[in-house]
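Residue strings, one per chain:
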Amino acid sequence: MGKVLRVNLTEGKVDVEEISPRVYEQFLGGRGLAAFYYYNEIGADTDPLSPENKLFFFTGPLTGVRLPSTTKFNVATKSPQTGLYLCSNSGGDFGPHLKFSGFDGLIIEGRAERPIFLYIRDGQVEFHSAEAFWDEETGPGTEIVKEIIGEKRASVMIAGKGAVRGADIACIMVDGRSFGRGGAGRVMASKNLKAVAVWGRGKIPLYRPEVLAEFSQEAMRKARASRPVHTRFGTAQYTGILNELGCYPSYNFRTSVFDGIETIKAEYMEKHYKVKNKACYYCPIGCAQVCEVKEGPFKGFRSDPEYESIGTLGAQCGVADFGAIIAANNLCDEYGLDSMSAGTIIAYAMECFELGLFSKELIGRELRFGDGEAMVEMIRDMGEMRGFGAELARGFRYLAGKYPETIPYMMHCKWMPFAAYEPRGFFGIGLSYGTSSRGACHNVGGWTIRDELLSGEYDRFAIKGKGVLVKRIQDTRAYVDSLGICTVARSAMGFNDRPSGNVLELVTGVDLTPRLMEIGERIYTLERLILVREGVSRKDDYLPERIMKEALPEGPAQGKVLTKEMYDEMLDEYYAARGWDKDGIPTCERLQQLALDWTGQTL
Ligand code: SF4
């Protein structure tokens, strides 16, 4: 669309800016453009909750185009949870409708004097008061926004009660999907911005629309046919697989096989809880599994838990009651909390309670592994920001300052809680956590599961080759996140056989096929430059001592540990592959190769 909408909340001012073709060619869109703007506009010392922090939302060139699953858009901001750069992507209809409104991106800056929400209607921006529903949960809040603007079909992104009350792990909910990790919702609320609604009826200009329509039909058929397991189970399909391989973190990473696995596996979920599928914009796969609790203490709760939420709220907390997982996941969505952070942080609190480091008086109740009701109540406390829940909802960075003796039980990297994969069970995922651009993350850091565990091409306990592997997956993910398409559908529809650059040409007229990996590397390197500017170096790329010193006690990975020496070897290979020095700083030579030598200057 060539344009970005900039809204300054302090001044109540709206500007439309153009993006130069050279910037598109270098950074593609989505995550790439968000990183580019962040690099140029957010200083190393910017307080995440100050008006100087900004939210950079960007779609990709494929977002909203009539191709399967072109739903994704990205945000970059300074994270209150980690104190560092944050990138995150979400599905939902917002990205497509931002494009239909005429914009590739939306930049929010400053701070409104009173609680407000924005409505972008066919390119025009309206400011509305949000005072009447400032403290509302995300579901009812979304309905109120639609009621006020009088447009039921609008897409709404919204900060929940957790965000407005000060939870640093607060997400932004978008049509039931979310910018989950890192606290973007808290940043939004700090700007007195409750929600942004968008509804557009414009068209995305296409270079060769007829050929693209043919391709789209074929792609829809391929995507639908090639992902039956995704449609049937969603990401929950991996729960049983990871557990069988001894890679399923349980009880705050004290073991990697879960003794309650039978009642949280995908097959059990399907049989006892699944109600229907849910899909993002124009997606024939519909991987979200809407589940409902029909009896017991959590009767009536409904949500669509992903693999990660099942792992962190389930096995990590020792909870084998799928009803409790559905309830906790629902509350996370309604309060607007990152369910992954919430689960991993509660697991840490459970271990600290059982070790006597946190008392019943401090927590307000007993908090033992396996107690689903206590876990759900703690989510409520975190969302309401009351009692000890208000402390847990601030995240590990805050908790480390207040309770330094509990740091050994925090499973994190750069203060971002771990995802539900055990690095001692396959070493590459450890490197992914350590080198991810937003702290411990399996997506941005590189989802090595297919290569290390499923392909048969890699020895999961090997060290050599993992640095190169992780770099390749990270760079691929960086360009996919910048295209604006879901990674599941991208491979399903045959983008891999027919390079996505061909499709890009049909859409934009520019064939970037041969350059996509280079663009991915450029984006990843720019994100590292940002982190370096914010104080990150090799010292911050390590994993918690538990991973490096404690051997796994049971299962197929029994006895495995990822020692510092082993990790250093992977890290050295990774830095060398990236052209970074021994301290993890990109070299001038690599910056020149990637045309990033402008950094510090203007492009
Ligand atoms: S595959 Fe799942 S996550 Fe991806 S676009 Fe479809 S419904 Fe959304």
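Residues numbered from 1 in each chain as written. Predicted model: local features only at pLDDT ≥ 70, side-chain atom pairs only at ≥ 80, totals over all residues. Heavy atoms only, no water.

It is the contact of helix 2 (residues 30–41) with helix 20 (residues 466–483), at a shortest axis distance of 4 Å, that shows an interaxial angle of 95°. Classified by the interaxial angle, the pair formed by helix 2 and helix 20 is roughly perpendicular. Contacts between helix 2 and helix 20 pair Gly30, Arg31 and Gly32 from the former with Arg477, Ala478, Asp481 and Ser482 from the latter. Split by residue class, the contact of helix 2 with helix 20 holds one nonpolar, three polar and three charged. (Axes fitted to C-alpha atoms, helices over the stretch in contact; angles between N-to-C directions. Helix = DSSP H or I, 4+ residues; strand = E, 2+ residues; numbered from the N terminus. Parallel < 35°, antiparallel > 145°, perpendicular 65-115°, else oblique. Contact = heavy atoms within 4.5 Å. Nonpolar A, V, L, I, M, F, W, Y, C, P; charged D, E, K, R; others polar.)

Here we take up the packing of aromatic side chains. Per the counting criterion, the structure on display carries 36 aromatic pairs. Their ring planes at 65° and their centres at 4.8 Å tell us that Phe73 and Phe179 sit as a pair that is edge-to-face. With Phe73 in strand 4 (residues 73–78) and Phe179 in strand 11 (residues 177–179), this residue pair connects regions lying 106 residues apart in the sequence. Owing to a relative accessible area of 0%, Phe73 belongs among the buried residues under this scheme. Three or more aromatic residues link up through ring pairs in this structure, and these residues are Phe27, Phe36, Tyr37, Tyr38, Tyr39, Phe56, Phe58, Tyr85 and Trp598. When the ring centre of Tyr39 is taken as origin, the NZ or CZ atom of Arg533, which lies over that ring, is 4.3 Å away. Above the face of the Phe461 ring, Lys560 is positioned so that its terminal group lies 4.4 Å from the ring centre. (Phe/Tyr/Trp six-rings, centres within 6.5 Å; stacked < 30°, edge-to-face > 60°. Buried < 20%, exposed > 50% of the residue type's maximum accessible area, 1.4 Å probe, protein only. Lys NZ or Arg CZ within 6 Å of the ring centre and 35° of its normal.)

This part is about the sheet that holds strand 14 (residues 288–292). Read across the open sheet, the three strands follow the order 13-14-15; overall the sheet is antiparallel. Unpaired on one side and paired on the other, strand 13 (274–278) and strand 15 (302–303) mark the two borders of the sheet. The sheet contact formed by strand 14 and strand 15 spans two bridges and is antiparallel. Residue Glu292 lies in a different strand from strand 15, and its bridge partner there is Arg302. (Pairing = 2+ DSSP bridges.)

To continue, consider the sheet that holds strand 1 (residues 3–8). Pairing between the strands of a sheet comes from backbone hydrogen bonds, and it takes one of two forms, parallel or antiparallel. The sheet built from six strands is open, its strands ordered 2-1-6-3-4-5 with mixed pairing. Every other strand in the sheet has two partners, leaving strand 2 (13–18) and strand 5 (85–90) as the edge strands with one partner each. Here the strands of the sheet are splayed against their neighbours by 15° on average, with no regard to which way each runs. Across five bridges, strand 1 lies against strand 6 (residues 105–109) in parallel orientation. Residue pairing across strands places Arg6 opposite Ile107, the latter belonging to strand 6.

Let's shift gears to unusual backbone geometry. Of note in this structure, Tyr251 is not a glycine but carries a positive phi near 55°. Along the chain, Tyr251 turns up in the loop between helix 9 (238–244) and helix 10 (266–272). Even without a glycine there, the phi angle at Ala595 is positive, about 55°. With respect to the element layout, Ala595 can be found in the segment after helix 26 (588–593).

Here Ser303 is to be found in strand 15. A polar atom in the side chain of Ser303 sits 3.3 Å from the side chain of Asn329. Among residues more than four places away in sequence, those in contact with Ser303 are Gln289, Val290, Cys291, Ile326, Asn329 and Asn330. (Polar contact = N/O pair within 3.5 Å; in protein donor to acceptor, adjacent residues only side chain to side chain.)

Leu242, Tyr348, Met375 and Tyr421 are the most contacted members of the largest nonpolar core, which has 156 residues in total. In terms of residue count, helix 13 (residues 339–354) provides more of this core than any other element does, 10 residues in total. Contact partners of Tyr348, with chain neighbours within four places excluded, come to Asn252, Phe358, Leu392, Phe396, Leu399, Thr406, Tyr409 and Met410. One finds Val75, Phe103, Ile172 and Ala184 within the second-largest nonpolar core, a separate group that totals 29 residues. (Core = buried A, V, L, I, M, F, W, Y, C linked by side-chain atoms within 4.5 Å.)

Let's shift gears to the site of the ligand. In the vicinity of the ligand, the residues found are Ser69, Thr71, Arg177, Ala279, Cys280, Cys283, Ile285, Gly286, Cys287, Cys486 and Val488. In the shell around the ligand, the residues fall into seven nonpolar, three polar and one charged. (Near = heavy atom within 4 Å.)

Before going further, it helps to examine the pattern of salt bridges. Opposite charge on two side chains lets them pair, provided their charged atoms get close. Applying the stated rule across the entire model yields 50 salt bridges. Between Glu143 and Lys152 there is a salt bridge, with the nearest N and O atoms lying 3.7 Å from each other. On the basis of relative accessible area, Glu143 is assigned to the partly exposed category, the value being 39%. As a salt-bridge pair, Glu270 and Arg232 come within 2.9 Å of each other at their nearest N and O atoms. Of this pair, Glu270 sits in helix 10 while Arg232 sits in helix 8 (residues 228–233); the two residues are 38 residues apart in sequence, bridging distant segments of the chain. Classification of Glu270 by relative accessible area gives partly exposed; the value is 26%. Taken together, the salt bridges that share partners define one network made up of Arg6, Glu17, Glu41, Lys54 and Glu109. (Salt bridge = Lys/Arg side-chain N within 4 Å of Asp/Glu carboxyl O.)

Turning next to the domain arrangement of the protein chain. Splitting the protein chain by domain gives domain 1 (3–199), domain 2 (229–417) and domain 3 (427–542 + 563–599). The partner domain 3 presents 40 residues to the 35 residues of domain 1 that form the contact. Contact with domain 3 buries area across many residues of domain 1, yet Leu28, Arg31 and Tyr39 alone supply 24% of it, more than any other trio. The interface formed by domain 1 and domain 3 holds two salt bridges in total. The residue Glu527 makes a salt bridge to Arg31 at a minimum N-O spacing of 2.9 Å. On inspection of domain 1 and its partner domain 3, the count reaches 17 residue pairs in polar contact (both at pLDDT 80 or more). (Domains from an automatic or database assignment. Buried area = accessible area lost by both parts, 1.4 Å probe.)

What follows covers the packing of helix 20 against helix 23 (residues 516–533). Axis separation between helix 20 and helix 23 bottoms out at 7 Å; the angle between their running directions is 95°. By the angle between their directions, the pair helix 20 and helix 23 is classed as roughly perpendicular. Judged by residue contacts, Lys471, Arg472, Gln474, Asp475, Thr476, Ala478, Tyr479 and Ser482 of helix 20 engage Leu516, Met517, Gly520, Glu521, Ile523 and Tyr524 from helix 23. Split into classes, the residues belonging to the contact of helix 20 with helix 23 amount to six nonpolar, four polar and four charged.

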